[in-house]
Amino acid sequence: MAAGRTARRLPLAFALLASAAPLAAQQPPPSTPAAPAAPAAPAAAMVTQGGTVRSLRVIGAERLEPETVLSYTDLAAGQPYDREVLDRALKDLFASELFADVRIRDDGDGNLTIEVRENPVINRVLIEGAKRVKEEKIREEIRVAPRQIFTRSRARADVARILELYRRSGRFAAQVEPKIVQLEQNRVDLVFEISEGPKSKIRQINILGNERYSDGTLRGEMASRQARPLRIFTSRDTYDPDRLAFDQQKLRQFYLTEGYADFRVVSAIAELTPDRRDFIVTYVLEEGERYRFGEVGLTSQIRDIDAEAFKSILPMKEGDWYNAKLIEDTIDSITETVGLLGYAFADVRPQFRRDRDDLRMNITFVINEVPRVYVESVTINGNTITADDVIRREFRIAEGDAFNSFKVKRSRDRIQSLGFFQEKLEVEQKPGTAPDKVALQVDVEERPTGSIQVSAGYSSLEGLILNFAVEQRNFRGRAQNLRFGVNWSQFSRGIDIGFTEPYLFGRNLALGADVFRRDFSSFRFGSQGERIDTYNQLTTGFQVRTGFPITEYWSASVRYGLTFDNVTVDEELFFTDGQCDPIKAGRFICDALGKYSTSLLGYSLAFDTLDNRLRPTRGQRLVLSQDYAGLGGTVNYLRSRLNYDRYRRLFGTQFVLNLGGEVGHIFSLDSDEIRLTDRFFLGEPRFRGFDIRGVGPRVIRKPLLADGTVNPDEDTWANDSVGGRIYYLGRAEVIIPLGATGDELGLRPSAYVDVGSLWRSNPGVLISCPNVPLEGALPTIPPGCPTARGSIGFQEFYVGDTASPRISVGVGVNWNSPFGPFRIDIAKAIKQADGDLDQLFQFNVGTQF
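First, a word on what this report is: a plain description of the structure on this page. Since we're looking at a predicted model, the values are computed, not measured.

### Some thoughts on the state of the cysteines
Tallied over the entire structure, the rule returns two disulfides. The disulfide partner of C580 is C590, and the gap between their sulfur atoms is 2.0 Å. Here the disulfide of C580 and C590 is left-handed, its torsion about the S-S bond being about -70°. In this pair, C580 sits in strand β27 (residues 579–580) while C590 sits in helix α14 (residues 587–592), placing the two residues ten residues apart along the sequence. C580 sits in the buried class, given a relative accessible area of 17%. Assessed through its relative accessible area of 16%, C590 is described here as buried. There is a disulfide in this structure between C769 and C785, and the S-S distance comes to 1.9 Å. Its S-S torsion of approximately -75° makes the covalent link between C769 and C785 left-handed. With C769 in strand β36 (residues 768–769) and C785 in the loop between β36 and β37 (794–799), this residue pair connects regions lying 16 residues apart in the sequence. The exposure classification of C769 matches that of C785, with both residues buried. Indicated for the protein chain is the disulfide connectivity 1-2, 3-4, based on numbering the bonded cysteines in sequence order.

### Things to note about the packing of aromatic side chains
Considering all chains together, one arrives at 17 aromatic pairs under this definition. When the ring of Y213 is compared with that of Y260, the centres are 6.1 Å apart and the planes differ by 80°; the resulting orientation is edge-to-face. Note that Y213 is positioned in the loop between β10 (202–208) and α6 (215–221) and Y260 in the loop between α7 (241–257) and β11 (264–272), a separation of 47 residues in sequence. Residues Y213 and Y260 agree in their burial class; the two are buried.

### Focus: the packing of helix α9 (residues 324–340) against helix α11 (residues 405–417)
Two elements in contact, α9 and α11, have axes whose closest approach is 6 Å; the angle formed by their N-to-C orientations is 105°. With respect to α11, the element α9 is oriented roughly perpendicular. Taken together, the residues of α11 that come into contact with α9 (itself represented by E336, G339 and L340) are S405, F406 and K409. For the contact of α9 with α11, the per-class residue count stands at two nonpolar, two polar and two charged.

### Things to note about the nonpolar core
Core analysis: the biggest nonpolar cluster contains 31 residues, and Y535, Y637, L676 and L682 have the highest contact counts within it. Elements supplying a minimum of two residues to this core: α14, β28 (594–608) and β34 (726–735). At four residues, the largest contribution of residues to this core is made by α14. Other than its neighbours up to four places away in sequence, Y535 contacts F520, S521, S522, V567, T568, V569, I589, L676, T677 and R693. Formed by 25 residues, the second largest nonpolar core is a distinct cluster that contains A307, V338, F365 and V370.

### A look at empty space enclosed by the protein
Empty pockets left among the atoms are what a rolling probe the size of a water molecule brings to light. For the structure on display, the rule yields five cavities of 30 Å³ or more. When its volume is computed, the second largest cavity comes out at roughly 60 Å³. Along its surface, the second largest cavity is lined by E684, R688, G689, F690, D825, I826, A827, Q839, L840, F841 and Q842. Of all the elements in the fold, those that place two or more residues in the lining of the second largest cavity are β39 (820–831) and β40 (841–848). Top contributing element to the lining of the second largest cavity by residue count: β39, with three residues. Looking at the lining of the second largest cavity residue by residue, the class counts come to five nonpolar, three polar and three charged.

### Here's the deal with the sheet that holds β37
Here we have four strands laid out as an open sheet, ordered β33-β32-β37-β36, and antiparallel in their pairing. Strands at the two margins of the open sheet, each flanked by one partner only, are β33 (718–721) and β36. Bridge count between strand β32 (residues 698–703) and β33: four bridges; the pairing is antiparallel. Bridging from a neighbouring strand, R701 pairs with A718 of β33.

Parameters at a glance
Residues numbered from 1 in each chain as written. Predicted model: local features only at pLDDT ≥ 70, side-chain atom pairs only at ≥ 80, totals over all residues. Heavy atoms only, no water. Disulfide = S-S within 2.5 Å. Helix = DSSP H or I, 4+ residues; strand = E, 2+ residues; numbered from the N terminus. Buried < 20%, exposed > 50% of the residue type's maximum accessible area, 1.4 Å probe, protein only. Phe/Tyr/Trp six-rings, centres within 6.5 Å; stacked < 30°, edge-to-face > 60°. Axes fitted to C-alpha atoms, helices over the stretch in contact; angles between N-to-C directions. Parallel < 35°, antiparallel > 145°, perpendicular 65-115°, else oblique. Contact = heavy atoms within 4.5 Å. Nonpolar A, V, L, I, M, F, W, Y, C, P; charged D, E, K, R; others polar. Core = buried A, V, L, I, M, F, W, Y, C linked by side-chain atoms within 4.5 Å. 1 Å grid on protein atoms, 1.4 Å probe; cavity = no way out; pocket = protein on both sides within 12 Å on 5 of 7 lines; lining within 4 Å. Points joined across faces, edges and corners; volume = space filled by probe spheres on them. Pairing = 2+ DSSP bridges.

By themselves, these figures tell us nothing about what the structure is for.
See the structure below:
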């Protein structure tokens, strides 16, 4: 204990039993003449006849002046008094909460003595035993503080608030005991000793009164879950009174969706188990009868709206099962459609006529008259980093424009697609200063836009792959993009720097530039499993690009790039007489050697209706790109690509389906040849389930056995990808929602099928060399083949040049882990061509700032 403490730690109920004063004296005395504690009665109890106050004296006050003590009473010299007056004065002094004990003595001649014992001053407020709830959160609930006057009522109120905090976190067995440590000079340390106890689980969910649906079906509709040993990664089995109320709404929503219009929850009771650790929840239901839709109609009180034309958007038909969710969706659909005509606050109300005899629900949707509305103001709140005009320029509607719900929705999608703010962003519509005016307000919550990405993968072909990249997508709060990246592996090394200004000089014109240097090394494995580098490509260059919108959904971009390539091989291994030897390196590699310069001009045309560019759930994106190499330089070709993606929710659920595809073609403008380094290559990461450059045409060099036949051991083969001129790649991917549990854990799994192929290449002249025996007659040896005795021959095969589809299936998951975004993919190639290389597993991890 700290120096100066004069007593051990005492429970609050006994800590104030100092001197002869009873604890009861802390509470205001009852209205009867009885003293606040017995047997020592206050002087007020000894008054028999009263009289006139002659003098007042205060004793026992240490911090307070006597005048301050008297100010809390109505007593004054020369004033008449009796027992009732003194009793009221006693209550007033206790009500001030400044005193632990108060006595009033009367000597019988009107000389009154007020004896007080002041409440102590709090020296420190300590918290012990808090582990599951952070101490900072507990202190937010505590109102007492150092240098304040201690009172039991305040301490008890703080105990109640702490207990409520633990109950909100699901710990109903928590106990809080306040204790004080008395110090010198009438000071105390206040200690809240906390016994947290385990989280209170839902041990059982009982449902009574359900005849049409089983208990399991109804429990599946609830947010709460019964506690089970395997449910260790969820908090949905923790008891929460708010979730209990939400479950009642979920049950009601389920039954109303299934046609039970009279359904109600009679009662929902949560009872503590005898050990006070868990809860048993019991619902009593009244299902009622199941209804069908009867007559469905629509009327409008707005002259500009043709009710008959609007009836075509009503989805329900007479005889269908009643569905309350369908009615809500219909109201939203009508409201949105009316909003396109400028009526912001359209009042659409369904009128129900229930036929209990035929179990029919007749409905008429009424569009009530409202004035045409104009936008009065656009307000943006919460953007502390992002400049106001960065958000405002994404609005498709401005002050003074006629309200249009479609433009408001489009504005929301564009702001969301910036990727700077929370996922569920909304543009609120609030009444303006007049009935025909509306105020638009968007409240944003900024999230990290910078990222530090560290990617790691493993390939059976090249081992460990590392990538490090730093990117800020909202540089200086102006939506500028600045990035720097470095990658390393046995396969490639590179560095690139890029910058993009999305609005040049305040105009809707993007301008960006990239500078890069890449060192790519291709290799294969020898007959003994050793790694043999085949060729090295060193590329240095830059690119300048610009982009601009054509319409709301169409945009275009133009780019120019200049690159310098130097393709080399190890001369000691692959050169003979100062020249590349096709026998050692392969014809296709020897043809690619040299220095090249590529001057490239390209464009892209894009159609984009995605609701969110980072995590889309609906819409489509189409991009056509072409690049012409030939404005100077030594390379001439035309390369074309087409990419398409479509997103939609499945059957109105949270499942998101992505159907996507891409095709590409390249052809030479000055010959029939395309450089090896300019061809398309296909594999991981775009084609999951296959290795890097694992799909498409390949040259496989197979050694010969002693009898002259090909060695069947694939580990002895030299397998080289030679790329292709044409490719296609398609995918179907379903993003699987995990509800509140998945959101809480940051998990976003998906399942997918990838289909693609790469073909049309030219490997050059294939080479075959025979074995050279150690003795005896020599076989016919083609020019360039080894002639030394004992040389092992080989035969080259050209495989994989087919448009036949390769197919892979897999699952993956994104996890926003405590140490950054984490992605895992497990994919299996189920259809391959000769020579294809598969890869089962890949992962990467990073963090954001």
